[in-house]
Amino acid sequence: MIYMDNAATTPMSETAKRVFLDTADRFWGNPSSLHTSGQVAAEQLFAARQRIAARINADPREITFTSGGSEADNQALLTGATLGSRKGKKHIVSTKFEHHAILHALKRLEKQGYEVTLVDVNADGVVRPEDVAAAIREDTALVSVMFANNEVGTVQPIAEIGAICREKGVLFHTDAVQAAGHLPIDVKAMNIDMLSLSAHKFHGPKGVGVLYARRGVFLTNLIEGGAQERGKRAGTENLPGIASMAAALDEACEHMQRDGAYMTALRDRLIEGLRQIPHSKLNGDPVKRLPGNVNFCFEGIEGESLLLLLDDRGIAASSGSACTSGSLDPSHVLLAMGIPHEVAHGSLRLTLSPEITEADIDKTVRDVTEVVAYLRDISPVWEELEKGVRQHVIQ
Ligand SMILES: *Cc1c(COP(=O)(O)O)cnc(C)c1O
């Protein structure tokens, strides 16, 4: 199988698996226990916290472990909302193309009386810092803009947005789940107050993530209970997952330059190949994008059919976000970028890993080209386009 769905999840690296098992084997004690078995576990927990903090230029005390990216996103928004409302600020700024962990959590806050402004993204899938600045009001409690988009892979001007928020005295959160391990992150230089990441997107285990919160930003609990995580997140820590996440992040960051350069070259080869398909379009900025992300629209076809036929040929791809497949609605990300409904339906996301080879890329280009041609052959919409009954949207 050629696995090209690394934005949905990644397999655990050999190191991550080894550390997971080793930790489960040797450090199964409860880090809150006072006896030796608990204390050796607590030492491992602190070591993981230190290593993860160092990778984003944070202090270990600023790291809270969560069950993943979704929980971290929810807690960050709840925290921003709670801190704001204490000062009478009940307005939140975010963007139209965030992950559903942000958008759906914002919907809940709206029901609780908060006002939300979702800033537009441009046709290339990039947020304009000036639009964020313009959306900030006197009563804005929080700005949340993702670091890199999970569907089209576009990288956002996070440092610029961070500088604007700091200047205006507004808290700034970024969902960095797609960026961690792939792009350099420096929470201090980028003026980030809160940041989410998730281990399973950088070859770590599923069900574990991090919420970074700058010193002085007091997290609001999502889960009540014991005093774990300095009282900010109850529940006995998932130490095998946490230690394995720290190892996976170290590994990804150590190889970031090498793997990034390798995947960028493959990505551009794939883009060049798919561009040859008539009436196709690359979604998202060609340069300001994650090293491993390719996202295309093909006019006149259904993304779902394309996926199933590629799966038959041993290629695992996605039509956008794993979380929305299964629904027939076109991607909210592509719609936010101004791509028409009928075209947004025919989208394909291929996300690479360092395991992918040039031969895999060339096979993928051949297979996608053949499958798109086949689907167009049997498509009534395509027939209308060819006969000129309907106008092509993509030239
Ligand atoms: C995967 C993902 C999430 C959710 O992370 P989980 O650990 O699966 O809960 C949130 N935001 C983005 C951008 C993602 O890609």
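Since this is a predicted model, take the numbers as computed values, not measurements.

(A) Focus on the overall build of the protein. In terms of helices and strands, the protein carries 13 helices and 12 strands. Relative to the globule expectation of 21 Å for 395 residues, the C-alpha radius of gyration of the protein, 22 Å, shows essentially globular dimensions. Principal axes of the C-alpha set define a box for the protein whose edges measure 75 × 50 × 30 Å. Buried residues in the protein amount to 58% of all 395 residues. Across the protein, the fraction of contacts at a sequence separation of at least 24, relative to all contacts at a separation of at least 6, is 73%. Carbon and sulfur atoms make up 52% of the accessible area of the protein, which amounts to about 16,800 Å² in all.

(B) Region of interest: unusual backbone geometry. Of note in this structure, Asn-57 is not a glycine but carries a positive phi near 60°. In this structure, Asn-191 is a non-glycine residue whose phi angle is positive, near 55°. Looking at the element boundaries, Asn-191 is found in the loop between strand S6 (171-175) and strand S7 (194-198).

(C) Seen up close, the domain arrangement of the protein. Partitioning the protein into domains gives domain 1 (14-254) and domain 2 (256-387). Its C-alpha centre places domain 1 at a distance of 29 Å from the equivalent point of domain 2. Counting from both sides, the interface comprises 29 residues of domain 1 and, opposite them, 24 residues of domain 2. Between domain 1 and domain 2 lies a buried interface of about 2,100 Å² when both sides are counted; carbon and sulfur atoms form 60% of it. On the domain 1 side of the interface with domain 2, the three residues burying the most area are His-100, Glu-151 and Val-152, jointly 32% of the side's total. Counting every contact that joins domain 1 to domain 2 gives 0 salt bridges. The tally of links between domain 1 and domain 2 comes to 12 residue pairs in polar contact (both at pLDDT 80 or more).

(D) A look at the packing of aromatic side chains. By the definition in use, this model includes 1 aromatic pair. Arranged with centres 5.8 Å apart and planes meeting at 10°, the rings of Phe-296 and Phe-298 form a pair that is stacked. In terms of burial, Phe-296 and Phe-298 fall into one category: buried. For Lys-90, the ring lying beneath its charged end belongs to Tyr-114, and the centroid distance is 4.8 Å. Its guanidinium or amino end placed over the ring of Trp-382, Arg-376 lies 4.1 Å from that ring's centre, counting from NZ or CZ.

(E) Examining the site of the ligand more closely. Around the ligand there are 13 residues in total, and Ser-70, Asp-175, Gln-178, Ser-198 and Lys-201 lie nearest to it. In this structure, Gly-69 approaches the ligand through a main-chain N or O atom, which is 2.8 Å from an oxygen atom. Gln-178 places a polar side-chain atom, nitrogen or oxygen, 2.7 Å from an oxygen atom of the ligand. Protein contacts shield 88% of the accessible area of the ligand, which totals 380 Å² for the unbound molecule. If one sorts the elements of the shell around the ligand by residue count, helix H3 (residues 69-85) sits on top with 3 residues. Tallied by class, the residues present in the shell around the ligand amount to 2 nonpolar, 8 polar and 3 charged.

(F) Broad picture of the sheet that holds strand S9 (residues 280-282). In space, the 3 strands of this open sheet follow the order S9-S10-S12, with antiparallel pairing throughout. Here the strands that pair on one side only, and so sit at the sheet edges, are S9 and strand S12 (347-351). Here the strands of the sheet are splayed against their neighbours by 25° on average, with no regard to which way each runs. Here strand S10 (residues 293-298) pairs with S12 via 5 bridges, running antiparallel. Bridged to Cys-297 within S12 is Ser-347. Strands S9, S10 and S12 of the sheet are contacted by helix H8 (residues 256-275), whose axis makes an angle of about 10° with S10.

(G) How the structure looks around the pairing of strand S8 (residues 209-213). S8 sits mainly inside the fold: 5 of its 5 residues count as buried. Residues Gly-209, Leu-211 and Ala-213 line one face of S8 and the alternating positions Val-210 and Tyr-212 line the opposite face, and both faces are buried. Summarising the sheet, strand S2 (residues 63-66) and S8 pair through 4 bridges and their orientation is antiparallel. Each bridged residue has a counterpart across the sheet, and for Thr-64 the counterpart in S8 is Leu-211. Sheet topology places S7 next to S8; 5 bridges connect them, and they run antiparallel. Note on S8: the bridge partner recorded for Leu-195 is Tyr-212.

(H) Representation of the packing of helix H9 (residues 303-312) against helix H12 (residues 358-377) in the model. Where H9 meets H12, the axes come as close as 10 Å, and the angle between the chain directions of the two elements is 130°. The orientation of H9 with respect to H12, classified from their angle, is oblique. Relative to H12, the crossing made by H9 is right-handed. Taking contact as the criterion, the partners of Ser-305, Leu-306, Leu-309 and Leu-310 in H9 are, on H12, Asp-367, Val-368, Val-371, Val-372, Tyr-374 and Leu-375.

Scoring rules and cut-offs
Residues numbered from 1 in each chain as written. Predicted model: local features only at pLDDT ≥ 70, side-chain atom pairs only at ≥ 80, totals over all residues. Heavy atoms only, no water. Helix = DSSP H or I, 4+ residues; strand = E, 2+ residues; numbered from the N terminus. Rg over C-alpha atoms; globule rule 2.2 N^0.38 Å. Buried < 20%, exposed > 50% of the residue type's maximum accessible area, 1.4 Å probe, protein only. Contact = heavy atoms within 4.5 Å. Areas by Shrake-Rupley, 256 points an atom, 1.4 Å probe, with all protein chains shown as cover. Domains from an automatic or database assignment. Buried area = accessible area lost by both parts, 1.4 Å probe. Salt bridge = Lys/Arg side-chain N within 4 Å of Asp/Glu carboxyl O. Polar contact = N/O pair within 3.5 Å; in protein donor to acceptor, adjacent residues only side chain to side chain. Phe/Tyr/Trp six-rings, centres within 6.5 Å; stacked < 30°, edge-to-face > 60°. Lys NZ or Arg CZ within 6 Å of the ring centre and 35° of its normal. Near = heavy atom within 4 Å. Nonpolar A, V, L, I, M, F, W, Y, C, P; charged D, E, K, R; others polar. Pairing = 2+ DSSP bridges. Axes fitted to C-alpha atoms, helices over the stretch in contact; angles between N-to-C directions. Parallel < 35°, antiparallel > 145°, perpendicular 65-115°, else oblique. Left-handed = near helix turned anticlockwise from the far one by under 90°.

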